[in-house]
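# Residue-level structure breakdown
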Amino acid sequence: MMRRLFFWTHFVMGAVAGVFILLMSVTGVLLTYERQIIHAAENSAVVAPEGADPMTVDALADASIAMGAEPGNTLVISKDRTDAVTLSKGRRDNTLLNPYTAETMPEAGEKTKAFFGRVMRIHRWLSFSGGRSELGGAINAAANLIFAGLLITGAVLWWPKTWKWAFVKTQLFFRKGLRTAQARDYNWHHVLAAWSLLPLIAIVVSGAVFSYGWANNLVYAAFGESPGRNGPPAVAEQEAQPSEIPTDFTAVSLETLLGQATADYKNWKRVSVILPEPAAETVTMTVDMGNGAQAGKKRTLTLAHDGSGVIGEPAGSDATPARKARIFLRFIHTGEVYGWIGQTIAGLASLAGVILVYTGISLGFRRLIRMRKQAKAKRA
């Protein structure tokens, strides 16, 4: 009786939300390598003048200031100096620069970004028109919660009645030579459900945190914090450090400081250089050894502008524990927190979601048809 209850609960939830789960899964597959594809598209737009070498950090900084950048803005320099440079004036105010000429590249990767933007709007807000849809977002959020229910009830239904290897392996591995489509769908549904369960749970739980304020608040409450607190205030010792540097210094080049910042990080991928005031005694740089989404692979350094070296210890993220957890959930959703391996797992889990919806609906409706035929036979 309990198993029958779980089955019908599982079937009804799948029938109600299947289409929306399918759309989120398909778009999730398309978004798997979004970051890498966009970067490749942006870099492919770089045109190098014949015989030219990439500009130094100082030349790029001067050119950025000349076009309106201010101290405190950020230049993001890749280890491959032929890659496009990003001038960031704010979270959503980023400009791509040609590393050879410092000219802006407003159209670099725009078509690619527009494509992924459309896919993302469908994924998050069920919006096919280009804008944000609150109704569509609510539908997708609810479908995501229903997906969580499907995973729970599905795990119960998957659980073998007897733990004999001869039976369990049929639930874990694809079988060959199945004679009917129903047998194939049954096998695929159970196998994919088993192998994709954990990554799908991570995707669903993190998705709920984005969608619902109460879920987001729970993350902060778990650490005894309130949303909106971004990090601890600077301590007095940190504030006093710059005064330890003599005022009569001679500034060295940003290029030299970049070399100092990356000297101990041979596997660095990019460095964010905060443009300093002309007479600043220190320069701040963040060395990123990951893909840009891995907070644990970033180190922020304060360097003496006179070239005497790093001041203090390199710092990781100064975010609070709750904020770190929130960032982790943001990038566990895409798998990026574990690099391209994590992205691949998330993409494969999304692909499994597509097949699970198809096979689940197929099995459910075959069962309904079979039950209808049996009822007719009894009446006859």
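Model, not experiment: these values are computed from the prediction. (Residues numbered from 1 in each chain as written. Predicted model: local features only at pLDDT ≥ 70, side-chain atom pairs only at ≥ 80, totals over all residues. Heavy atoms only, no water.)

Along the protein, the regular secondary structure elements total 12 helices and 7 strands. Here the protein holds 380 residues, and 39% of them are scored as buried. Intrachain contacts of the protein at a sequence separation of at least 6 include 61% that bridge at least 24 residues. A total accessible area of about 21700 Å² is found for the protein, and carbon and sulfur atoms account for 60% of it. (Helix = DSSP H or I, 4+ residues; strand = E, 2+ residues; numbered from the N terminus. Buried < 20%, exposed > 50% of the residue type's maximum accessible area, 1.4 Å probe, protein only. Contact = heavy atoms within 4.5 Å. Areas by Shrake-Rupley, 256 points an atom, 1.4 Å probe, with all protein chains shown as cover.)

Right, let's talk about the packing of aromatic side chains for a bit. Scanning the entire structure with this criterion turns up 12 aromatic pairs. Between Phe 115 and Phe 116 the ring centres are 5.3 Å apart and the planes differ by 70°, which places this aromatic pair in the edge-to-face class. Under the relative-accessibility criterion, Phe 116 is labelled buried at 3%. Considering the side-chain rings of Phe 174 and Trp 188, the 6.3 Å spacing of their centres and the 80° angle between planes classify their relative orientation as edge-to-face. (Phe/Tyr/Trp six-rings, centres within 6.5 Å; stacked < 30°, edge-to-face > 60°.)

Right, let's get into the nonpolar core. By size, the foremost hydrophobic cluster in this structure holds 26 residues, and its most contacted members are Leu 60, Leu 75, Val 271, Met 285 and Val 287. Of all the secondary-structure elements, those providing two or more residues to this core are helix 3 (57-66), strand 1 (74-78), strand 2 (85-90), helix 10 (254-262), strand 4 (270-274), strand 5 (282-288) and strand 6 (298-304). Tallying contributions element by element places helix 10 first for this core, with 4 residues. Every residue in contact with Leu 60, bar those within four places of it in the chain, is listed here: Met 55, Leu 75, Ile 77, Val 85, Asn 98, Pro 99 and Ala 102. (Core = buried A, V, L, I, M, F, W, Y, C linked by side-chain atoms within 4.5 Å.)

We now examine the pattern of salt bridges. In the structure shown here, the tally under the stated rule is 8 salt bridges. Of the charged contacts, one joins Lys 113 and Glu 42 as a salt bridge, the two residues approaching to 3.5 Å between their closest N and O atoms. One end of the pair, Lys 113, is in helix 4 (residues 110-125); the other, Glu 42, is in helix 2 (residues 34-44), and 71 residues separate them in sequence. Owing to a relative accessible area of 12%, Glu 42 belongs among the buried residues under this scheme. One salt bridge connects Arg 270 with Asp 288, and the closest N-O pair in it is separated by 3.0 Å. Taken together, the residues span a long stretch of sequence, with Arg 270 in strand 4 and Asp 288 in strand 5 at a distance of 18 residues. Linked by salt bridges that have partners in common, Glu 42, Glu 110 and Lys 113 make up one network. (Salt bridge = Lys/Arg side-chain N within 4 Å of Asp/Glu carboxyl O.)

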